[in-house]
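Topology and contacts: notes
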Amino acid sequence: MTSPQESPDALRDKVAVVTGAAGGLGRAISRRLHAAGARLALVDRDEAGLADAAAEFGDDAATFAVDLTDDARTEALPGEVRDRLGTLDILVNNAGVRQIASILDLTPDEWRHTLDVDLTAPFVLSRAAIPGMIEQGRGKIVNIASITGELAFADRSAYCVAKAGIIMLTKTITLEFAARGIWCNAIGPGVVETPMTSEYFRSGPMRESIERNAPMKRWAQPEEIAGPVAFLCGPESDYVNGTTLFVDGGWNSA
Ligand code: NAD
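How each quantity is defined
- Residues numbered from 1 in each chain as written.
- Predicted model: local features only at pLDDT ≥ 70, side-chain atom pairs only at ≥ 80, totals over all residues.
- Heavy atoms only, no water.
- Phe/Tyr/Trp six-rings, centres within 6.5 Å; stacked < 30°, edge-to-face > 60°.
- Helix = DSSP H or I, 4+ residues; strand = E, 2+ residues; numbered from the N terminus.
- Buried < 20%, exposed > 50% of the residue type's maximum accessible area, 1.4 Å probe, protein only.
- Lys NZ or Arg CZ within 6 Å of the ring centre and 35° of its normal.
- Patch = residues over 30% accessible without salt bridge, like charges linked within 9 Å, V, L, I, M, F, W, Y side chains within 5 Å.
- Areas by Shrake-Rupley, 256 points an atom, 1.4 Å probe, with all protein chains shown as cover.
- Salt bridge = Lys/Arg side-chain N within 4 Å of Asp/Glu carboxyl O.
- Lys, Arg positive; Asp, Glu negative; His and termini not counted.
- Charge placed at Lys NZ, Arg CZ, Asp CG, Glu CD.
- Near = heavy atom within 4 Å.
- Polar contact = N/O pair within 3.5 Å; in protein donor to acceptor, adjacent residues only side chain to side chain.
- Nonpolar A, V, L, I, M, F, W, Y, C, P; charged D, E, K, R; others polar.

**A short note on the packing of aromatic side chains**
Tallying each qualifying case throughout the model produces one aromatic pair. Their ring planes at 80° and their centres at 6.3 Å tell us that Phe 153 and Trp 251 sit as a pair that is edge-to-face. Here Trp 251 lies in the segment after β7 (244–247) and Phe 153 lies in the loop between β5 (139–144) and α5 (157–177), a separation of 98 residues in the sequence. On the basis of relative accessibility, which here comes to 29%, the residue Phe 153 falls in the partly exposed class. Across from the ring centre of Phe 64, 4.3 Å away, lies the NZ or CZ of Arg 84, which sits over that ring.

**Some points on a negative patch on the surface**
Negative charge collects at one region of the surface, where Asp 67, Asp 70, Asp 71 and Asp 116 lie side by side. Summarising the element assignment, Asp 71 is placed in helix α3 (residues 71–85). With a relative accessible area of 42%, Asp 71 lands in the partly exposed category.

**Some details on the site of the ligand**
With respect to spatial proximity, 30 residues lie near the ligand, and among them Asp 44, Asn 94, Tyr 159, Val 192 and Thr 194 are the closest. Measuring from an oxygen atom of the ligand, one finds a backbone N or O atom of Val 192 at 2.7 Å. Side-chain polar atom of Thr 194 to an oxygen atom of the ligand: 2.5 Å apart, as the coordinates give it. Notes on the ligand: free accessible area 820 Å², of which the protein chains cover 93%. For the shell around the ligand, the elements supplying multiple residues, two or more each, are α1 (24–35) and α5. Of the residues in the shell around the ligand, the class split is 15 nonpolar, ten polar and five charged.

That is the geometry; function is a separate question.
Okay, here's the thing in structure tokens:
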């Protein structure tokens, strides 16, 4: 059996949905899955960013401009992907938002929005995709969690709660559906250089804190997360299910 790393064909004939495809990590994941042979359903609410991302993949990608907080629209998405691309084999729940604010300053609406995008949308999309995957005998879901799902950080309450939730959602999907050909795993990145974290690299104290607290003394580039995502999407991870693979340069072990 070959892995995506070993063969450019490991994901040939597979269709992968990537949410947040216009963002930093989504773009790198899309590129990595495409390099392994997958065709792509690129999902984001940022239409201009989506068009820009899709231009890279030509006929191998279709775009879906969706606000993932719209439950009805999100639930319809797997059917639309199958209509336009013929199948849906891989779902990468990557879209995310993050609020940095004390619990005293975070409004209930802001709290709800973070949980809606980071936790409820993966739930809605997964439950809509799973029946078709079961019908075709096989499907892989990869959720993008975070080290904040296991390590608490001040001023990130909603984000930490959502990411802890997605680690548990990953396990419960596995328990319910592993015997019916579904894999559900998560990736827990540390700090990755993307638009979401760009302020870290501008401001001295945050940058210094990462360099002090991260065991490898550096943050990650999106490509360093995309490779492990591709591993969990491909055949080489067929006995990995329900797990969260932390790709954090050892931070979670500190
Ligand atoms: P990013 O801001 O570059 O990308 C996030 C994407 O999600 C954007 O394109 C945005 O338009 C999209 N999105 C947000 N809300 C949406 C909605 N309601 N509907 C549809 N699309 C929506 O951020 P990123 O760093 O690439 O983050 C990707 C994932 O990685 C997120 O789940 C994030 O929590 C996770 N993560 C990032 C880091 C990091 O350091 N960058 C670390 C750990 C985990």
